[in-house]
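One letter stands for each residue in the lines below.
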Amino acid sequence: MAKRKLKMGMAGGGPGSFIGAVHRMAAALDGEIEIVCGAFSADPEKSAQTGAALGLPVERVYGSYREMFRAEAELPPHERMEFVSIVTPNHVHAEPAMLALEHGFHVVLDKPMTLNLAEAIELQQAVERSGLLFCLTHTYTGYPMIKEARQLVASGKFGTIRKVYVEYPQGWLSTYAEGGDNKQAAWRTDPARSGIAGAMGDIGTHAFNLAEYVSGLEVESLCADIQTVVPGRKLDDDGSVLLRFQNGASGVLIATQVAAGEENNVRIRVYGEKGGLEWQQQDANTLLVKWSDRPAEVWRTGGSYVSEYAAHNTRVPAGHPEGYLEAFANLYRNFALTLRARLDGTEATAVMLDFPGIREGVRGMMFIDRVIASGQATQKWTALNAGA
């Protein structure tokens, strides 16, 4: 019997949405998933336009996500969507995710997970009650050499981890872009739609997630210097954070959207007592592995020496670049393989289960909450779990 594709619906991702198109391309890349329905905009006409452009039947394009969940739940099991991809602005994350779970649909959700920490905790409880699958799209954990970095650290070859540096510089908001017709700038700098954080919520959460993912450690406390550089802007656009990890290691996190000329130059360095590693997105196929007693090594995506986790998330032979879309697609593929295993009554493997979930989402929202509090406080060191 031919393998069928898993059926995906989408909330958001209509005209003017950058990330909606990225999600659709990533979901389609491996042939595991097909989009069958959607509520692509709060404007029914715009939702219809996107549905038509995607070739969806008129009756499977909805005017709201509420309507979509109700209608899809009433369809026969072999026709309805099996999971929903939610790609709306932050303030429209929690409600559709909760409704999807209530109607029995698995969820893939763009980051940061919710508008605030309280919503994140409620959503975590809902996911745990439902028993359904949940994926949060922290893209950079999908890169093969980031997975290799995590495995190298976990192997203990570097000894006890002592230092973590992670940075995410952008320059697209170095001017008052939200003052014009830039839809992305408008909502990402609006507290009502983005939440209490700007740069720290948008890209700082990626850096935070990457630091914890690669190091295998959790941040216990932080000390933040948060700034709003561009006059008239309502949220932070630049910041530096000192980190303290659970094993006593220290770290530095930098996230800025006012580094004019920078694009998305994500970079992480992790050092232990015997060696360390370095990776940056602008050369994503390369992992630099450093030792205290011998020359540094250059590890490459697709090499015969990489771990099962890196190999599983590599699609082409060594020497052929793999990038952002492939990393994004790895999240969808691992989620799809885990869901397919569940539907088939089999056990998902560890490499299939290697995608960010509800716990990472809550920790990301906890980071946002504490980093802004620390940035505003005179007592700078703030326990990450305080009051949670």
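Residues numbered from 1 in each chain as written. Predicted model: local features only at pLDDT ≥ 70, side-chain atom pairs only at ≥ 80, totals over all residues. Heavy atoms only, no water.

Participant: How would you summarise the nonpolar core if you had to cite specific residues and measurements?
Facilitator: Counting 83 residues, the largest nonpolar core has M68, M113, L123, V214 and L253 as its most contacted members. With near-sequence residues (within four places) excluded, M68 lies in contact with M10, A11, C37, G38, A39, Y62, M81 and V84. With 24 residues, the next largest nonpolar core counts I33, Y332, F335 and A336 among its residues. (Core = buried A, V, L, I, M, F, W, Y, C linked by side-chain atoms within 4.5 Å. Buried < 20%, exposed > 50% of the residue type's maximum accessible area, 1.4 Å probe, protein only. Contact = heavy atoms within 4.5 Å.)

Participant: Account for the sheet that holds strand 4 (residues 106-109), naming residues and giving values.
Facilitator: With parallel pairing, the five strands of this open sheet are ordered in space as 2-1-3-4-5. The outermost strands of the open sheet, each flanked by one partner alone, are strand 2 (33-39) and strand 5 (134-136). Going across the sheet, the axis of each strand differs from the next one's by a mean of 20 degrees, ignoring polarity. Sheet analysis places strand 4 next to strand 5, joined by three bridges and oriented parallel. (Pairing = 2+ DSSP bridges. Helix = DSSP H or I, 4+ residues; strand = E, 2+ residues; numbered from the N terminus. Axes fitted to C-alpha atoms, helices over the stretch in contact; angles between N-to-C directions.)

Participant: Any details on the pairing of strand 10 (residues 267-272)? Residues and values, ideally.
Facilitator: Look at any regular strand and the pattern is simple: side chains alternate between the two faces of the sheet. Relative to strand 10, strand 6 (residues 161-169) is paired through six bridges, and the arrangement is antiparallel. For I161, the partnering residue across the bridge sits in strand 10 and is G272. Pairing of strand 10 with strand 11 (residues 275-280) involves five bridges; the strand directions are antiparallel. The partner of R269 across the bridge, within strand 11, is E278. Hairpin connection, strand 10 to strand 11: the antiparallel pair is bridged by two residues.

Participant: Outline the environment of T286, supporting the account with residue identities and numerical values.
Facilitator: Note that T286 resides in strand 12 (residues 286-291). The class for T286 is buried, based on a relative accessible area of 14%. Taking the C-alpha atoms as reference points, T286 and I146, 140 residues apart in sequence, are found 9.6 Å from one another. Contact partners of T286, with chain neighbours within four places excluded, come to M145, E278, W279, V298, W299 and R300. Within the structure, T286 has its side chain in polar contact with the side chain of R300 (distance 2.5 Å). (Polar contact = N/O pair within 3.5 Å; in protein donor to acceptor, adjacent residues only side chain to side chain.)

Participant: Tell me about the packing of aromatic side chains, residues and numbers included.
Facilitator: Under the criterion given, the structure shown has 14 aromatic pairs. Consider the rings of Y140 and Y324, whose centres lie 6.4 Å apart with planes at 50 degrees: the pair is tilted. Highlighted residues: Y140 in the loop between strand 5 and helix 6 (144-154) and Y324 in helix 11 (residues 324-344), separated in sequence by 184 residues. Aromatic rings pair up to connect Y140, Y143, Y168, W279, Y324, F328 and Y332 into one cluster. Cation over ring: R294 sits above W291, and NZ or CZ is 4.1 Å from the ring centre. (Phe/Tyr/Trp six-rings, centres within 6.5 Å; stacked < 30°, edge-to-face > 60°. Lys NZ or Arg CZ within 6 Å of the ring centre and 35° of its normal.)

Participant: Tell me what's going on with the layout of surface pockets, and back it up with residues and numbers.
Facilitator: There is about 1000 Å³ of room inside the largest pocket. In terms of lining residues, the largest pocket is bounded by 48 residues, among which S17, I19, V87, Q184 and W187 are the most central. Only helix 1 (18-28), helix 3 (65-74), helix 7 (183-188), helix 8 (191-194), helix 9 (199-215) and helix 11 provide two or more residues apiece to the lining of the largest pocket. Tallied by class, residues from the lining of the largest pocket come to 18 nonpolar, 21 polar and nine charged. By volume, the second largest pocket amounts to about 380 Å³. Residue lining of the second largest pocket: 21 residues in total, with R150, N209, E212, Y213 and E360 positioned closest to the centre. Elements that contribute at least two residues to the lining of the second largest pocket include exactly helix 6, helix 9 and helix 12 (358-376). (1 Å grid on protein atoms, 1.4 Å probe; cavity = no way out; pocket = protein on both sides within 12 Å on 5 of 7 lines; lining within 4 Å. Points joined across faces, edges and corners; volume = space filled by probe spheres on them. Nonpolar A, V, L, I, M, F, W, Y, C, P; charged D, E, K, R; others polar.)

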